[in-house]
Amino acid sequence: MSLQKQLVILLLFLFVVLGACGNDKPAPETNIPNVVFAMTNQENKSFQVKHVVKGKDVLIECIVADFPFRKGMNGGHINVYVNGQKIDEVYTAAFMLRGLPTGKHVIRLELVHNDGKITGLSQEFTVTIS
């Protein structure tokens, strides 16, 4: 086989291979933007709480995406319960419970919009004051 024929065959082969790698991509079978949106909504609905006991006080830090901690319209707050009794409404993401008596205490935090709409997000944890 002559060098010229080999070159022609090689060029045809490359033409076929490169032609198959065009920009025509098949449409995805799933709608990825909806999947991402659903995952984003789930992330926005997460409510994480960190707490530290210092003596008779408990420092609490709440991590919530896109929740408006403020008084008035379009705002929200945290209902704070200690041992099943509501003790406060807090309008900040970080706050301190001061002067808890000695013993075990169940603290429950519930996110609420100021117009009364319940978010359905709450966290509960137990602390021991010595």
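Anything mentioned here points back to the structure above.
Attention in this report is confined to the structure presented alongside it. Not measured: the values here are computed from a predicted model.

Looking now at the packing of aromatic side chains. Inspection of every chain in the model, using the stated rule, returns one aromatic pair. A centroid spacing of 5.0 Å and a plane angle of 65° characterise the contact between F67 and F69, whose relative ring orientation is edge-to-face. The buried category is assigned to F67, whose relative accessible area is 12%.

Here we come to the sheet that holds strand 1 (residues 47-54). With antiparallel pairing, three strands are arranged side by side in an open sheet as 1-2-5. Pairing within the sheet leaves two strands with one partner each, and these edge strands are strand 1 and strand 5 (94-97). Across the sheet, the mean angle separating the axes of adjacent strands is 20° when strand polarity is ignored. Bridging between strand 2 (residues 57-64) and strand 5 involves four bridges; their strand directions are antiparallel. From the neighbouring strand, L59 faces strand 5, where its bridge partner is M96.

Thresholds, definitions, all that
- Residues numbered from 1 in each chain as written.
- Predicted model: local features only at pLDDT ≥ 70, side-chain atom pairs only at ≥ 80, totals over all residues.
- Heavy atoms only, no water.
- Phe/Tyr/Trp six-rings, centres within 6.5 Å; stacked < 30°, edge-to-face > 60°.
- Buried < 20%, exposed > 50% of the residue type's maximum accessible area, 1.4 Å probe, protein only.
- Pairing = 2+ DSSP bridges.
- Helix = DSSP H or I, 4+ residues; strand = E, 2+ residues; numbered from the N terminus.
- Axes fitted to C-alpha atoms, helices over the stretch in contact; angles between N-to-C directions.

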